[in-house]
Amino acid sequence: LNLNLNQKPEPEPEPEPPLPAGWQANRDRTGRVVYTNHDLRVVQYERPEPPPLPRVVPELEPDEDDFGFEQLDMSDVGPAQTPPQPGPEASAPPPPVRLNLSEADEDFGEPPSASEGQQSPLPAGWTEAQDPNSHRVFYIDHNSRATSWVRPKSRSDGLFAALGALPTGIEMRFTRSGRPFFINHRTKETTWHDPRQDAPLPDGWEMRVHSDGRAFYVDHATKSTQWEDPRKNKVSSGPAIVYSRDYKVKYENFKANLPKPPTTTGKCEIKVKRANILTDSFNSVMSKTKEDLLRRLWITFEGEPGLDYGGLAREWFYTLSREMFNPYYGLWEYSAIDNYTLQINPNSGICDPDHEKFFYFFGRICAMAVYHGKLVDGFFIRPFYKLILGKHINLEDMAEVDIETYNSLKWVIENDPEDLCLTFSAQEDKFGQVVETALVTDGENIEVTNFNKMGYIKAYINWKFVDRITAQVKSFKNGFNDVIPYVALLYLTRTSWST
């Protein structure tokens, strides 16, 4: 055995310095050391460097009444520490496994008592120090290298402040891990639930604030996190929705009376350009037979390769309907009550001499959407649905279209209209000119009295919703019935079809 007495023993490795406050070292599944910052809720593989301890010099002491900022002597303070960055975690929820929730689990049971708790944690880059002479606490911002007597507000403070002021007698405090709880000084009770929010979080959930200021939610049961508020998925408790067997029967009868698809194989191919979708669709749909429109749809957008397994058809109906019902073309117009529901423009023939062909095309498209189970982006007024279903239009339907006219006609019913000097005529604006139209033969010379006012109201409603658009509604119904027979619609109501 040869011993080399001159060989010096290898020095033992120096122990690593302690981690900065708020950091913890763990090992992942591969055994690699990871470092977790519980203040910023971030995880990284690089070992954090301890921040330099700033020295307080006499020139640093602010005046008693000064609540602003003063510049530090950076030669004494040393280089400012850059707070850890959230990195990829800023665009995705914090990692549910690597995020250490042990401290939060300590707070997971009952909230602390009213005598416990502390202020919210300082924002990133801030530290708390004490003046050695006056023992007064002040705060150092290593980001801007300034000091202040006023405790800075954290991002969580701003988040809770956005909810408004707390009710009288309620105080918010924080646990050691930064979780907020609330004290009711009247009842001497504490709770995790913020009284400013409508509903408490589900059992086992906690809201935290990410380093970028966004709120995320911790599920302590599964040790997972997410951005979405779990209360959004909770079904609100309220009166149970009554199951309508009547509607189910109507829908089943409607589906049973729909025309059967052709037995021959094939598909309904429609090729369009996005920039010219209305004209291309019009030429394609109008050139096909009823049997072609009942076949499986195969939509192709020119210049966009793809296979239509339902998605392209949905997109075609949506994009085409937005173009079809655009009031810019003068075929449709918004109702007087809003800019959402549509009605046929009575002057559509002036805007487009071929308007009846387009309404026939619109009827085909709507019938195809019903038959193939697709949606169109258009909502019509109630009288239009009733016209398609062949139902009578009454005064109550006017309230959904023109509330002012409805109130006026309602007043005529409840009072004597003779003092108004009304006649069986109506005025309308046609491209800036006021035109008077007789509601009945020689209506301009028939005065509205207390005895014939119901006939006047009936004639006015008929003129408002039927007479002016008879040709357009007829073309629409012909196009619709060309794909779906009218007898199938008899099983539905206006609400069922619009739904």
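The model shown is predicted, which means the values in this text are computed figures rather than measured ones.

Time to look at the overall build of the chain. From N to C terminus, the chain includes 16 helices and 19 strands. Counting all 499 residues of the chain, 39% fall into the buried class. A separation of at least 24 residues holds for 61% of the contacts in the chain among residues at least 6 apart in sequence. Looking at the chain as shown, the accessible area adds up to about 29,800 Å², and 51% of this sits on carbon and sulfur atoms.

Attention shifts here to the pairing of strand β11 (residues 205-209). By the criterion of burial, β11 is predominantly enclosed, with five of the five residues buried. Of the two faces of β11, the one holding W205, M207 and V209 and the one holding E206 and R208 are both buried throughout. Note: β11 against strand β12 (residues 215-219), five bridges, orientation antiparallel. Looking across to β12, one finds that V209 is bridged to A215.

Below, the discussion takes up the packing of aromatic side chains. Ring pairs (aromatic) are described by centroid distance and by the angle formed between their planes. Within this structure, the stated rule accounts for 21 aromatic pairs. With a centroid separation of 5.3 Å and 90° between ring planes, the pair formed by F325 and W332 is classed as edge-to-face. Here the two residues F325 and W332 agree in accessibility, since each one is buried. Relative to F384, the ring of W332 lies with its centre 5.8 Å away and its plane at 75°, an arrangement referred to as edge-to-face. Taken together, the residues span a long stretch of sequence, with W332 in strand β16 (residues 332-334) and F384 in helix α10 (residues 382-389) at a distance of 52 residues. For the pair shown, W332 and F384 are each scored as buried. A network of ring pairs unites the aromatic residues F282, F325, W332, F358, F359, F361, F362, F380, F384, Y385 and F476 as a single cluster.

We now examine a nonpolar patch on the surface. Taken together, the side chains of Y486, V487 and L490 present a nonpolar region at the surface, about 270 Å² in accessible area. Tracing the chain through its elements places Y486 in helix α15 (residues 486-489). Since its relative accessible area comes to 31%, Y486 is described here as partly exposed.

Turning to a negative patch on the surface, a few remarks are in order. On the surface, a cluster of negative charge is contributed by D416, E418, D419 and E447. Since its relative accessible area comes to 57%, E447 is described here as exposed.

With that settled, the discussion passes to the sheet that holds strand β13 (residues 224-226). Taken in spatial order, the three strands of this open sheet run β11-β12-β13, and their pairing is antiparallel. Because the sheet does not close on itself, it has two edges, and the strands there are β11 and β13. Averaged over all adjacent pairs, the angle separating strand axes in this sheet is 30°, with direction ignored.

By size, the foremost hydrophobic cluster in this structure holds 69 residues, and its most contacted members are W316, W332, F361, F362, I365 and M368. Here the element with the most residues in this core is helix α9 (residues 355-372); it accounts for ten residues. With sequence-adjacent residues up to four places away left out, W332 is seen in contact with M324, F325, P327, L342, Q343, I344, N345, F359, F362, F380 and F384.

Here the focus is helix α13 (residues 453-465). With 13 residues, α13 ought to run about 18 Å at 1.5 Å a step, and its terminal C-alpha atoms sit 18 Å apart, in line with that. For α13, every residue scored as buried is listed here: K453, Y456, I457, A459, Y460, I461, W463, K464 and F465. Next to the buried residues of α13 lie α10, α11 (395-398), α12 (403-414), β18 (425-430) and β19 (433-438).

As a further point, take the packing of α10 against helix α14 (residues 470-483). Put simply, α10 and α14 touch, their axes get as near as 10 Å, and they point 60° apart. Taken together, α10 and α14 sit at an angle that is classed as oblique. Considering only the axes of α10 and α14, their crossing is right-handed. Across the interface between the two elements, F384, L387 and I388 from α10 touch V473, F476 and K477 from α14. Broken down by class, the residue content of the contact of α10 with α14 amounts to five nonpolar, no polar and one charged.

Before going further, it helps to spend a moment on unusual backbone geometry. Phi is positive for C421, which is not a glycine, with a value near 60°. Mapping C421 onto the fold places it in the loop between α12 and β18. The class of C421 is exposed, set by a relative accessible area of 67%. Phi angles above zero are rare outside glycine, and D442 is one such case at about 60°. Tracing the chain through its elements places D442 in the loop between β19 and α13.

Along the chain, R364 falls in helix α9. Taking the relative accessible area as the measure of exposure, R364 reaches 5% and is therefore buried. Every residue in contact with R364, bar those within four places of it in the chain, is listed here: V285, M286, K288, T289, K290, L293, G479, F480, D482 and V483.

This brings us to the confidence of the model for the chain. Looking at the chain as a whole, the pLDDT averages 74, with 69% of positions reaching at least 70. The least confident element of the chain, judged by mean pLDDT, is strand β4 (residues 70-71) at 40; the most confident is helix α5 (residues 277-286) at 94. Contacts for the low-pLDDT stretch residues 53-108, under 50 throughout, to residues beyond four places or in other chains number 120 contacts. Every residue in residues 233-243 is under pLDDT 50, and counting partners more than four places away or in other chains gives two contacts.

Taken together, the three strands give an open sheet; going across it, the order is β8-β9-β10, and neighbouring strands pair in antiparallel fashion. Of all the strands in the sheet, the pair left with one neighbour each is β8 (170-174) and β10 (189-191). Taken over all neighbouring pairs, the strand axes of this sheet differ in orientation by 30° on average, direction set aside. One ladder, built from five bridges, connects β8 with strand β9 (residues 180-184); its direction is antiparallel. Residue I170 lies in a different strand from β9, and its bridge partner there is N184.

Cut-offs and rules
- Residues numbered from 1 in each chain as written.
- Predicted model: local features only at pLDDT ≥ 70, side-chain atom pairs only at ≥ 80, totals over all residues.
- Heavy atoms only, no water.
- Helix = DSSP H or I, 4+ residues; strand = E, 2+ residues; numbered from the N terminus.
- Buried < 20%, exposed > 50% of the residue type's maximum accessible area, 1.4 Å probe, protein only.
- Contact = heavy atoms within 4.5 Å.
- Areas by Shrake-Rupley, 256 points an atom, 1.4 Å probe, with all protein chains shown as cover.
- Pairing = 2+ DSSP bridges.
- Phe/Tyr/Trp six-rings, centres within 6.5 Å; stacked < 30°, edge-to-face > 60°.
- Patch = residues over 30% accessible without salt bridge, like charges linked within 9 Å, V, L, I, M, F, W, Y side chains within 5 Å.
- Salt bridge = Lys/Arg side-chain N within 4 Å of Asp/Glu carboxyl O.
- Lys, Arg positive; Asp, Glu negative; His and termini not counted.
- Charge placed at Lys NZ, Arg CZ, Asp CG, Glu CD.
- Axes fitted to C-alpha atoms, helices over the stretch in contact; angles between N-to-C directions.
- Core = buried A, V, L, I, M, F, W, Y, C linked by side-chain atoms within 4.5 Å.
- Expected span 1.5 Å × (residues − 1).
- Parallel < 35°, antiparallel > 145°, perpendicular 65-115°, else oblique.
- Left-handed = near helix turned anticlockwise from the far one by under 90°.
- Nonpolar A, V, L, I, M, F, W, Y, C, P; charged D, E, K, R; others polar.
- pLDDT = per-residue confidence, 0-100.

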